[in-house]
Amino acid sequence: MGWETDPALPVGREGAHAPSGNGEACRESLAAFEAIRTGDGEQDARAVYMSGLVAERCGNEDGARRLYERSVELDPELCEPRTALAARLMERGRSVEARAALEAAIARDARCAPAYLNLAVLQSEDPDQREAAIDSLRRALASRSDYLPALNQMALVYLAMSEARPELLDLAAVVCRQAQLVDAAYAPIYNTWALIDVARAT
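Residues numbered from 1 in each chain as written. Predicted model: local features only at pLDDT ≥ 70, side-chain atom pairs only at ≥ 80, totals over all residues. Heavy atoms only, no water.

Student: Please clarify how the state of the cysteines should be interpreted in this entry.
Tutor: Among covalent bonds in proteins, the disulfide is the one between the sulfur atoms of two cysteines. Scanning all chains against the criterion turns up two disulfides. Between the sulfur atoms of Cys-26 and its disulfide mate Cys-58 the distance is 1.8 Å. Judged by the torsion about the S-S bond (-100 degrees), the Cys-26/Cys-58 disulfide is left-handed. Pair noted here: Cys-26 is in helix α1 (residues 23-34) and Cys-58 is in the loop between α2 (45-57) and α3 (61-74), with a separation of 32 residues, a long-range link. Classification of Cys-26 as buried rests on a relative accessible area of 7%. By relative accessible area, which is 23% here, Cys-58 ends up partly exposed. (Disulfide = S-S within 2.5 Å. Helix = DSSP H or I, 4+ residues; strand = E, 2+ residues; numbered from the N terminus. Buried < 20%, exposed > 50% of the residue type's maximum accessible area, 1.4 Å probe, protein only.)

Right under this line is the structure:
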């Protein structure tokens, strides 16, 4: 189960379209976002966040962190950079800190879909919290009904819960079908569907 930093996207970083390892493309993308200013000539918080995504995809993790932090400074209510910083904590196994950061992001923005998604990832690691994970994913989908990573994660959680409740395999498959109807080209859902089929066959 993966985590994510960008609401347009469980594991990848959509939104920043710079190809990893392409130095010229990275520089051009960063320059484009850095040129964006607000009406009063200040840095734009969302553009700074997008610069962070570009920096991360281009392998500059320290630069990405600084940009995410700067984005939060510019707009403390913007949930995406807070979620990105929490995802970095998750990657380093600092789950307690990550959870606190995600809950803080949600407290500031109750419609922060990626924060709910990443919180669900943490919750789903504990069998006793998987129902809570489903609740978090429902909140993400209430904010954005076509949020494919949340649908995929929900199917994965139902799959995990099916070890004790086999009837949930059918519900997991229904969620996959729902995701397919949103975007038939969304590849992760087919991996999840394959896992469901394997579980059904055993």
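Student: Got a minute to help me understand the side chain of Gln-123 in this structure?
Tutor: For Gln-123, the location among the structural elements is in helix α6 (residues 113-124). Classification of Gln-123 as buried rests on a relative accessible area of 6%. In this structure the side chain of Gln-123 is engaged in a polar contact, spanning 3.4 Å, whose partner is the backbone nitrogen of Ala-133. Among residues more than four places away in sequence, those in contact with Gln-123 are Arg-99, Gln-129, Arg-130, Ala-132, Ala-133 and Ser-136. (Polar contact = N/O pair within 3.5 Å; in protein donor to acceptor, adjacent residues only side chain to side chain. Contact = heavy atoms within 4.5 Å.)

Student: What exactly am I supposed to notice about the packing of helix α8 (residues 148-161) against helix α9 (residues 168-182) here?
Tutor: Between two packed helices, both the angle of their axes relative to each other and the distance between the axes serve to describe the pair. Where α8 meets α9, the closest approach of the two axes is 8 Å, and the angle between their N-to-C directions is 165 degrees. It follows that α8 is roughly antiparallel to α9 by the angle criterion. At the point where α8 passes α9, the crossing takes the left-handed sense. Note on element contacts: α9 touches α8 through Leu-168, Leu-169, Leu-171, Ala-172, Val-175, Cys-176, Gln-178, Ala-179 and Val-182, opposite Leu-148, Leu-151, Met-154, Ala-155, Tyr-158, Leu-159 and Met-161. (Axes fitted to C-alpha atoms, helices over the stretch in contact; angles between N-to-C directions. Parallel < 35°, antiparallel > 145°, perpendicular 65-115°, else oblique. Left-handed = near helix turned anticlockwise from the far one by under 90°.)

Student: Can you help me understand the packing of aromatic side chains in this one?
Tutor: Taken as a whole and judged by the stated rule, the model has two aromatic pairs. Considering the side-chain rings of Tyr-49 and Tyr-68, the 5.9 Å spacing of their centres and the 40 degrees angle between planes classify their relative orientation as tilted. Here Tyr-68 lies in helix α3 and Tyr-49 lies in helix α2, a separation of 19 residues in the sequence. Here Tyr-49 and Tyr-68 have matching classes, each one buried. (Phe/Tyr/Trp six-rings, centres within 6.5 Å; stacked < 30°, edge-to-face > 60°.)

Student: What am I meant to see in the nonpolar core here?
Tutor: If you look at soluble globular proteins, the nonpolar side chains tend to sit buried side by side. Among the nonpolar cores identified, the biggest contains 43 residues, and Leu-102, Leu-137, Tyr-147, Met-154, Tyr-158 and Ile-196 are the most heavily contacted of them. Elements with a minimum of two residues in this core: α4 (79-91), α5 (95-108), α6, α7 (130-143), α8, α9 and α10 (188-201). Top contributing element to this core by residue count: α8, with nine residues. Beyond its immediate chain neighbours, meaning those up to four positions away, Leu-102 contacts Thr-83, Ala-86, Met-90, Ala-115, Asn-118, Leu-119 and Leu-122. With seven residues, the next largest nonpolar core counts Tyr-49, Leu-53, Ala-64 and Tyr-68 among its residues. (Core = buried A, V, L, I, M, F, W, Y, C linked by side-chain atoms within 4.5 Å.)

Student: Help me understand the pattern of salt bridges in this model?
Tutor: Opposite charge on two side chains lets them pair, provided their charged atoms get close. Following the criterion strictly, the structure yields 13 salt bridges and no others. In this structure, Arg-200 and Asp-170 form a salt bridge, with 2.8 Å as the shortest nitrogen-oxygen distance. Of the two residues, Arg-200 is situated in helix α10 and Asp-170 in helix α9; the sequence distance between them amounts to 30 residues. Classification of Arg-200 by relative accessible area gives partly exposed; the value is 41%. (Salt bridge = Lys/Arg side-chain N within 4 Å of Asp/Glu carboxyl O.)

Student: Even after reading the chapter, I still don't get α2, so can you show me in this structure?
Tutor: Helical geometry: 3.6 residues make up each α-helical turn, so side chains three or four residues apart lie on a common side. Along its 13 residues, α2 runs 19 Å from first to last C-alpha, staying within 8% of the 18 Å computed at 1.5 Å per residue. For α2, the buried fraction is high: 11 of the 13 residues fall into the buried class. Inspection of α2 places Ala-45, Ala-47, Val-48, Tyr-49, Met-50, Ser-51, Gly-52, Leu-53, Val-54, Ala-55 and Glu-56 among the buried residues, and these make up the whole buried set. Put simply, Asp-44 is the residue that caps the front of α2, since its side-chain oxygen is 3.2 Å from the backbone nitrogen of Arg-46. Two residues or fewer past α2, Gly-59 is found with a positive phi of approximately 90 degrees. (Expected span 1.5 Å × (residues − 1).)

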